[in-house]
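# Residue-level structural notes
Residues per chain are reported as follows:
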Amino acid sequence: MQDIPPNVAEALKKLRTERGLSLSQTAELTGVSKAMLGQIELGKSSPTVATLWKIATGFNIAFSTFLEGGRSVAQPEIHHFSDLAVFEQQQSGMRVSPLIPFDQELRMDVLKIELLPGARSESSPHEAGVIEHIIVLAGVLQLQLEEIQHTVHAGESIRFQADIPHIYANSGEHSVIMHNLIHYPHPGV
């Protein structure tokens, strides 16, 4: 697997161009430095999962847009897991892949996330109204919502308003595998 899927650079540049934004304006919108945004667009830097979340939140788009390129999907369509785009960074110990392409009508992402032992990912607050549903399939997830720590075991789930800082961590000896269903509010709601 490669560190940075080509869709990330292409999607970022396309979003910025479509909205007529400079790198400086995009940096203000997302909270990601102008230099980092430029490096990502050129394919010279691999953003962390946290950085991609900041960019997605700033643009008010689904995270999976960077992996899928925002394609529309015919109904019904079978998705083969082996064909899914995977965003992985060896140094962060986190792997993210969309299980079902973003649904524009339902405004929902369905992601598979794997946290290797010792992995920790800090997520900035998403826009108001974003709700996350975490379903732990294997391992034990340490989920911090603001200052409150939650331990979610395999076979358990948790739902939360994602417009607060949240941290996913795996302090165990085995990988945590979970599904993350993210519901984005309709624009203007």
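Residues numbered from 1 in each chain as written. Predicted model: local features only at pLDDT ≥ 70, side-chain atom pairs only at ≥ 80, totals over all residues. Heavy atoms only, no water.

So, on to unusual backbone geometry. Phi is positive for Arg107, close to 55°, though the residue is something other than glycine. Take Arg107: it is sitting in the loop between β2 (94-103) and β3 (108-115). The backbone of Glu146 sits at a positive phi, close to 55°, despite the residue not being glycine. Its place among the elements puts Glu146 in the loop between β6 (140-145) and β7 (148-153). The exposure class assigned to Glu146 is partly exposed, which follows from its relative accessible area of 47%. (Helix = DSSP H or I, 4+ residues; strand = E, 2+ residues; numbered from the N terminus. Buried < 20%, exposed > 50% of the residue type's maximum accessible area, 1.4 Å probe, protein only.)

By the burial criterion, the buried members of helix α3 (residues 34-41) are Leu37, Gly38, Ile40 and Glu41. The arc that holds the buried residues of α3, viewed along the axis, is 160°, so those residues lie on one side. Of the residues flanking the end of α3, it is Gly43, one or two places downstream, whose phi is positive at about 75°. (Arc of directions from axis to C-beta.)

All right, on to the environment of Leu37 then. Its place among the elements puts Leu37 in helix α3. Setting aside chain neighbours within four positions, we find Leu37 in contact with Leu12, Leu23, Thr26, Ala27, Thr30, Val32 and Ile55. (Contact = heavy atoms within 4.5 Å.)

Attention now moves to the pairing of strand β5 (residues 131-138). Of the strand pairs in this sheet, β5 and strand β8 (residues 157-161) are connected by five bridges, and their pairing is antiparallel. Bridging from a neighbouring strand, Ile135 pairs with Ser157 of β8. Here β5 pairs with strand β10 (residues 176-183) via seven bridges, running antiparallel. Residue pairing for β10: Ile135 is matched across the bridge by His179. (Pairing = 2+ DSSP bridges.)

Moving on to the environment of Ala56. Summarising the element assignment, Ala56 is placed in helix α4 (residues 49-59). Along the sequence, Ala56 and Phe66 sit ten residues apart, while their C-alpha atoms lie 8.4 Å from each other.

This brings us to the packing of helix α2 (residues 23-30) against α4. Contact pair α2 / α4: the axes reach a minimum separation of 8 Å and the direction vectors enclose 95°. Of the possible angle classes, the one that applies to α2 and α4 is roughly perpendicular. Here Thr26, Leu29 and Thr30 of α2 lie close against α4, whose contacting residues are Lys54, Ile55, Gly58 and Phe59. Of the residues assigned to the contact of α2 with α4, the class counts are three nonpolar, three polar and one charged. (Axes fitted to C-alpha atoms, helices over the stretch in contact; angles between N-to-C directions. Parallel < 35°, antiparallel > 145°, perpendicular 65-115°, else oblique. Nonpolar A, V, L, I, M, F, W, Y, C, P; charged D, E, K, R; others polar.)

Reading across the sheet, the four strands line up as β4-β9-β6-β7 and stay open at both edges, with antiparallel pairing between neighbours. Looking at which strands have only one partner, the edges of the open sheet turn out to be β4 (120-123) and β7. Direction aside, the axes of adjacent strands within the sheet are offset by 20° on average. Relative to strand β9 (residues 166-169), β6 is paired through four bridges, and the arrangement is antiparallel.

Attention now moves to the nonpolar core. Phe66, Leu115, Leu141, Tyr168 and Met178 are the most contacted members of the largest nonpolar core, which totals 43 residues. Considering each element in turn, this core owes the most residues, six residues, to α4. Those residues in contact with Leu115 that lie beyond four places of it in its chain are Gly93, Met94, Leu141, Tyr168, Ala169, Asn170, Ser175, Val176 and Met178. (Core = buried A, V, L, I, M, F, W, Y, C linked by side-chain atoms within 4.5 Å.)

Note on placement: His126 falls in the loop between β4 and β5. Of note is the side chain of His126, whose polar atom sits 3.1 Å from the side chain of Thr57. Setting aside its immediate chain neighbours within four residues, His126 contacts Trp53, Thr57, Glu132, Ala162, Asp163 and His166. (Polar contact = N/O pair within 3.5 Å; in protein donor to acceptor, adjacent residues only side chain to side chain.)

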